[in-house]
Structure formats: structure tokens, C-alpha cells
Amino acid sequence: MHRALLLALLALGLLAGPLHAVQPDEMLPDAAQEARARQLSKELRCMVCQNQSIDDSDAPLAKDLRLLVRERIKAGDSDGQVMDFLVSRYGEFVLLRPTLHGANIVLWLAPFLVLVVGGAGLWLAYRRRGSRPAPTAPLSNEEEEKLRRVLSENSGDVTKL
């Protein structure tokens, strides 16, 4: 009984599509404008949730940003103008996919640079380690005498050592 209920709940969870936080009172009457607003909202980061778009977030700030996007679209702004307005107001952090220019280039390339530098460091360490013979210290007089004695007792037969 419990297993069937658990499976039914799991199936319902898998069938449920993604939930959108857009409320009916936020929607624009013009379907084309609403589609533009939804597309732009999917590209903007919720500043509260951080890794969630404002289209998916229930945070009050996300709602304010959704309304702002719709206001700009109703005012006749193009998609680029809406995005530029939000970036000028909130910075590039508001974009879920920041642009590849300026200081952002360092952020985009840093993981690859770390891998290259780390790989080069490992390669150099491996090469240096393999090129040096293992360090050995000379035998003391006492150790040499003991070695001679053992070798003479066993007549040079190493297997008896």
C-alpha cells in the first residue's frame, strides 16, 4: 500500500512541469508582448535566489523586475533596450548568462587557466622527480665492515641474506 502511494506521488512529481511564478495579474493582454516578456524574464537573474530566473522565482524583487520588464515592453522598448536598462540599473549580475567582454573575460577564462597552470605544474614536478637519481648516503665504516662480514660468511650468495 505504501509502495503504491509512493510510486503514485513520484509519478505525479515527474509529470508536473516547471512552475512559473508569473501571476495572472502580471501578464500583458497582448500575447506577442507577453511572449517577449517571458523570454526576457528567463534570461534575468533573481537577485534574491541568484541562480534562478525571475520567471521562475516567487521572490518579491523578482516580481518587481517582471513588472519592470513588462512596463518597458509596453512603453515600446526593444528587447535590447530592456536588457540594457536593467544592466545599467542592476549591473551585469542581473544577467543569467553574462556577456563575454571586459572584466568578465577573466571570469570566463579563469577555470581553464587554472587547469592549464595546474597541469603544467604537475608535468614539471613529474619531469624533475624522474630525472634525479634517488638520494643515497655513503655507508659508514661500521656499515661497510658489517656488509663485508655478511658477504664473506655467505660467500657472496645473496639469497641467504
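Residues numbered from 1 in each chain as written. Predicted model: local features only at pLDDT ≥ 70, side-chain atom pairs only at ≥ 80, totals over all residues. Heavy atoms only, no water.

- Looking at an unreviewed UniProt entry, one finds the protein chain named Cytochrome c-type biogenesis protein, with Ancylobacter amanitiformis as its source organism.
- Per UniProt, the protein chain carries the Function (unreviewed entry) text "Possible subunit of a heme lyase."
- As its UniProt record puts it under Sequence similarities (unreviewed entry), the protein chain is described as follows: "Belongs to the CcmH/CycL/Ccl2/NrfF family." (UniProt positions renumbered as here; feature names shortened; annotations may be inferred.)

**Quick look at the pattern of salt bridges**
Next up, step 1: For the structure shown, the criterion picks out six salt bridges.
Next up, step 2: When the shortest N-O distance is used, the salt bridge between Asp79 and Arg36 registers 2.7 Å. Residue Asp79 is found in helix α4 (residues 79-90), and its partner Arg36 is found in helix α2 (residues 31-42); the two are separated by 43 residues along the sequence.
Next up, step 3: A salt bridge links Arg148 to Glu144; the nearest nitrogen and oxygen atoms lie 3.4 Å apart. Of this pair, Arg148 and Glu144 are both found in helix α6 (residues 141-153), four residues apart, which corresponds to roughly one turn of the helix.
Next up, step 4: Bridged by salt links that share partners, the residues Glu144, Glu145 and Arg148 form one connected network. (Salt bridge = Lys/Arg side-chain N within 4 Å of Asp/Glu carboxyl O. Helix = DSSP H or I, 4+ residues; strand = E, 2+ residues; numbered from the N terminus.)

**Observations regarding the environment of Val48**
Next up, step 1: Inspection of the secondary structure puts Val48 in the loop between α2 and α3 (60-74).
Next up, step 2: Sequence separation between Val48 and Ala59 is 11 residues; the distance between their C-alpha atoms is 6.9 Å.
Next up, step 3: If we skip the residues at most four places from it in the chain, Val48 touches Ala59 and Leu61. (Contact = heavy atoms within 4.5 Å.)

**A look at the UniProt feature "transmembrane region" (unreviewed entry) in the protein chain**
Next up, step 1: Listed under "transmembrane region" (unreviewed entry) in the UniProt record, and renumbered for this structure, are residues 105-126.
Next up, step 2: From the first C-alpha to the last, residues 105-126 spans 31 Å; its make-up is 100% helix and 0% strand.

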